[in-house]
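# Summary of structural features
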Amino acid sequence: MVVQNDPVDIVTIGGGMTASILAALILPSTSHTMVSLEQGAARWTYPDFAHNHDSLRFNNRYELMQDLNQVSWTWRPNENAPALPMRQYGSFNPGQGLGGSMVHWTALTWRFLPSDFAYRTHHIERYGADKIPDEMTVQDWPFSYLDLERHYDALEYDMGVSGQAGNLNGRILEGGNPFEGPRQRPYPNPPLAQSAFGNLFHEAVQGLGLHPFPTPSGILSQGYTDPFGNVRAGCLYCGFCTRYGCEVGAKTSPLTTWLPPALDTGRYEVRTRSHVIGIETDDDGRATGVRYVNADGNEFFQPAELVITSAYTLENIRNLLLSRSKAHPDGVGNDRGRVGRNYTYQLAQNPASGLWENERFNFYMGNGCTIPQVFDYNADNFDHSDVDFIGGARMYPSAGQREPISSAQNLLEGLTDRRWGAEWKQTLGSSWDSVGSIGIEGESPAYEGNFCDLDPRFTDAWGLPLLRITFDWRENERNMYRFLANRSEEMIKAMGADRTTVTRQLAPYRYDVYQSTHATGGCIMGTDPGNSVTNGYGQVWDTPNVFVTGAALFPQNPGANPSGTVGALAYRAAEAIRDRYFKAPGELLT
Ligand SMILES: Cc1cc2nc3c(=O)[nH]c(=O)nc-3n(C[C@H](O)[C@H](O)[C@H](O)COP(=O)(O)OP(=O)(O)OC[C@H]3O[C@@H](n4cnc5c(N)ncnc54)[C@H](O)[C@@H]3O)c2cc1C
Ligand code: SF4
């Protein structure tokens with residue numbers, strides 16, 4: 001029997017970053033009611049993350065991640081290969097539980113560059129149409145950087161982002177990112193302290209004529225009271241950050257920032273341990289609510305005027321595809337077969353490493369944001385006329401938080417060929433804190449042959465098809481990687497390493513090796529239902545009382561982490577829903 005719940009105005013699938021932003025921005029100034037159905041458990045900074053420096057539990061056993069025994073994803077490199085499920089965490093680590101992935105994120109908080117938003121047009125105007133390979137399906141975003149600027153600004157102040165502005169209202173400021181788009185205000189907090197290895201990188205790349213600047217970070221460099229009134233502590237540089245919840249709330253997450261004001265309204269509920277299994281639609285194709293199963297296996301129907309899928313990229317795609325009905329036989333949003341298209345990822349690699357024989361860098365402390373970055377080889381910040389690719393990457397030195405267990409294999413290639421025994425232990429002891437790398441976080445353009453659909457063979461714990469990912473790198477990324485590997489080598493040599501190794505060729509994509517939790521696309525936004533799933537607010541073209549949030553909306557992935565833009569898009573959608581949608585529910589916003 002399916003239990004019918006009382007209707008609410010808004011239901012979200014998932015209780016993570018974007019769901020909590022919507023709740024905090026829509027509810028306080030309206031009388032709406034909202035429920036977020038979250039498959040994981042509730043948890044809070046205190047007591048759940050007090051004394052949580054347990055590497056085995058959080059880093060190796062992935063305690064905060066989505067349970068792969070219930071839902072996983074299959075992958076194949078191309079349409080002719082068999083697809084197999086992820087049985088142990090590899091390529092990405094989506095979160096589960098109150099607050100979602102952001103509870104255990106690294107917190108680099110970027111704005112995308114103005115040219116990222118006009119991607120196709122920009123490249124054609126500067127280099128001609130032939131520069132974009134035929135199979136590449138990159139698109140412009142449906143609005144410009146300047147349209148999103150005030151949402152980036154509001155997000156950064158609510159999060160208390162720590163950083164150094166590079167472009168204040170068009171004025172380029174020393175020490176910041178000179179390539180960033182104009183911002184109306186400086187960051188609300190100064191940059192985090194920089195690591196020893198970061199300082200070495202900074203000096204060396206400056207000597208190469210590049211423009212290093214501190215990482216903009218969703219981690220507080222000092223105590224901060226945000227515009228909602230949340231009072232938060234600064235970072236302790238404890239070294240147990242990515243894949244851990246922050247014990248003092250210095251790392252921004254829904255728990256520190258958006259959930260308190262939303263819950264204070266008394267009109268918001270996060271119903272935990274509630275796994276959504278589909279969006280229901282009526283004969284006219286309009287969404288009526290969602291079906292979900294609780295921890296006891298009981299099934300419920302939650303009616304709502306507005307359904308928002310906020311379940312992270314992969315499950316957002318799957319939620320739409322699973323929601324098949326007479327009105328939408330191929331799933332909600334998929335009347336034109338666009339759901340799953342433009343699936344992209346992030347080219348995250350470490351092309352060059354070095355050993356500094358008599359140096360100790362204290363890699364065990366800090367966090368992923370205590371380092372500088374360079375954007376000189378990102379996007380179209382350098383001339384691509386004479387190179388055989390488009391795109392680029394942000395580049396950076398190894399960060400803090402070198403995990404004691406998983407990093408034990410992280411020796412420089414060639415130091416020893418053993419992975420066990422006395423010689424290996426001796427080499428590990430003498431080099432663990434003296435080896436560092438140059439990392440790249442590169443663009444992932446969209447291609448016709450990279451996409452997601454429902455797996456015909458593998459199912460989840462409720463018997464529903466898993467999402468099947470068809471994805472691999474292409475010639476453009478291999479060429480881009482070779483170029484960036486050479487730049488990485490120049491950097492590591494300028495840093496004075498005693499020994500270096502460089503990986504010069506990009507290997508095929510691997511599902512079993514962690515690269516980043518930056519899966520993007522699949523429900524992309526656009527100006528036309530013929531080439532996108534949603535409009536510029538994340539509102540689904542063929543079912544306008546369904547919205548999608550998160551990086552599934554990106555037409556392709558730029559060379560930086562997604563969540564600054566994921567957050568800004570959620571701010572934009574929240575404003576449109578709050579101020580305009582409910583005046584004419586179900587109509588497309590323009
Ligand atoms: C290890 C790690 C490091 C990261 N570092 C960075 C970084 O430094 N910078 C950056 O920009 N980004 C980073 N990210 C990415 C960032 O965390 C995400 O972009 C962001 O959290 C996405 O927000 P979201 O609302 O789309 O999804 P989430 O915050 O993940 O929320 C989705 C929620 O939906 C729930 N859910 C899924 N399916 C269902 C269902 N069927 N029913 C009910 N609930 C469901 C999940 O349990 C989850 O809680 C990182 C992510 C990870 C995992
Ligand atoms: S390094 Fe700082 S932000 Fe990260 S978990 Fe530790 S105290 Fe929190």
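The preceding data block contains the structure.
Residues numbered from 1 in each chain as written. Chains lettered and ligands numbered in written order. Predicted model: local features only at pLDDT ≥ 70, side-chain atom pairs only at ≥ 80, totals over all residues. Heavy atoms only, no water.

### Some words on empty space enclosed by the protein
Put simply, the rule reads: Think of a 1 Å grid over just the protein atoms. A cavity is a set of points where a 1.4 Å probe fits yet cannot get out, a pocket is an open set with protein on both sides within 12 Å along at least five of seven lines, and lining residues have an atom within 4 Å of a point. Grid points are joined across faces, edges and corners, and a volume is the space filled by probe spheres set on the points. Following the grouping adopted for this structure description, the nonpolar residues are Ala, Val, Leu, Ile, Met, Phe, Trp, Tyr, Cys and Pro, the charged ones are Asp, Glu, Lys and Arg, and the polar ones are all others, Gly among them.
In total, this model carries 5 cavities of 30 Å³ or more according to the counting rule given. The space that makes up the largest cavity amounts to roughly 110 Å³. Forming the boundary of the largest cavity are 16 residues, of which Cys235, Leu236, Cys238, Cys241 and Cys246 lie nearest the centre. Residues belonging to the lining of the largest cavity are distributed by class as follows: 11 nonpolar, 3 polar and 2 charged. One number sums up the size of the second largest cavity: a volume of about 90 Å³. Forming the boundary of the second largest cavity are Thr109, Trp110, Arg111, Leu113, Gln164, Asn177, Glu180, Tyr187, Phe213, Pro214, Pro216 and Phe375. Its residues assigned to classes, the lining of the second largest cavity comprises 7 nonpolar, 3 polar and 2 charged.

### Here we look at the side chain of Ser407
Quick note on the threshold: For helices the rule is a DSSP run of H or I covering at least 4 residues; for strands it is a run of E covering at least 2, with both sets numbered from the N terminus onward. Note on exposure labels: buried denotes an accessible area under 20% of the residue type's maximum, exposed denotes more than 50%, and partly exposed covers the range between, all computed with a 1.4 Å probe on protein chains only. Two N or O atoms count as a polar contact when they lie within 3.5 Å, although within protein this holds only if one can serve as hydrogen donor and the other as acceptor, and sequence-adjacent residues are included solely when both atoms are side-chain atoms. The contact criterion used is simple: two residues touch if any of their non-hydrogen atoms lie within 4.5 Å.
Inspection of the secondary structure assignment puts Ser407 in the loop between strand S17 (393-397) and helix H10 (421-431). Note on Ser407: relative accessible area 3%, which makes it buried. Here the side chain of Ser407 touches Trp432 through a polar contact of 2.8 Å, side chain to side chain. For Ser407, the contacting residues outside a window of four places in its chain are Arg402 and Trp432.

### Quick look at the sheet that holds strand S20 (residues 465-470)
Each strand in a sheet pairs with another by means of backbone hydrogen bonds, the pair being arranged parallel or else antiparallel. Under the convention used in this document: DSSP bridges decide pairing: two strands pair if at least two such bridges lie between them.
Read from one edge of the open sheet, 4 strands run S5-S4-S20-S19, paired in mixed fashion. What marks the edges here is a single partner per strand, and that holds for strand S5 (84-85) and strand S19 (451-459). Pairing of strand S4 (residues 73-76) with S5, which is carried by 2 bridges, proceeds in the antiparallel orientation. Considered in S5, the bridge of Trp75 is made with Leu84.

### So, the environment of Leu64
Along the chain, the position of Leu64 falls in the loop between helix H3 (55-60) and S4. Under the relative-accessibility criterion, Leu64 is labelled buried at 7%. In this structure, the C-alpha to C-alpha distance between Leu64 and Arg185, residues 121 residues apart in sequence, is 35 Å. Setting aside residues no more than four positions away along its own chain, Leu64 makes contact with Arg43, Phe49, Phe58, Gly95, Gln96, His104, Arg243, Tyr244 and Gly245.

### Remarks on the sheet that holds S17
The test is simple: All axes here are fitted lines through C-alpha atoms, helices being fitted over the stretch that makes contact, and every angle between N-to-C directions spans 0 to 180 degrees.
In space, the 4 strands of this open sheet follow the order S17-S18-S15-S21, with antiparallel pairing throughout. Each of the sheet's edge strands pairs with one partner strand only, and the pair in question is S17 and strand S21 (499-502). For this sheet, the mean angle separating the axes of adjacent strands, direction not counted, is 20 degrees. Across 4 bridges, the pairing between strand S15 (residues 347-355) and S21 is antiparallel. Bridge pairing in S21 links Ala352 to Val502. Packing of helix H7 (residues 196-207) onto the sheet brings it into contact with S17 and strand S18 (435-442), and relative to S17 it is tilted by some 120 degrees. Running at roughly 30 degrees to S15, helix H11 (residues 475-494) makes contact with S15, S17, S18 and S21 of the sheet.

### Some thoughts on the nonpolar core
The tendency in soluble globular proteins is for nonpolar side chains to be buried side by side. Put simply, the rule is: To form a nonpolar core, buried Ala, Val, Leu, Ile, Met, Phe, Trp, Tyr and Cys residues must be joined to one another through side-chain atoms within 4.5 Å.
Core analysis: the biggest nonpolar cluster contains 144 residues, and Trp73, Phe92, Trp258, Leu320, Tyr343, Ile469 and Met491 have the highest contact counts within it. Here this core gets 8 residues from one element, more than from any other, and that element is helix H12 (residues 563-579). Those residues in contact with Phe92 that sit more than four places away from it in its chain are Trp73, Met86, Leu314, Tyr343, Tyr345, Ile469, Tyr509, Tyr511, Tyr514, Ser516 and Thr517.

### Let's talk about the pattern of salt bridges
Short version of the rule: By definition, a salt bridge exists where a carboxyl oxygen of Asp or Glu is found within 4 Å of a side-chain nitrogen of Lys or Arg.
Using the criterion set out here, one finds 26 salt bridges in the structure. We note a salt bridge from Arg291 to Glu299, for which the minimum N-O separation is 2.9 Å. The class for Arg291 is partly exposed, based on a relative accessible area of 27%. The network of salt bridges with common partners includes Arg111, Glu149, Glu156, Glu180 and Arg183.

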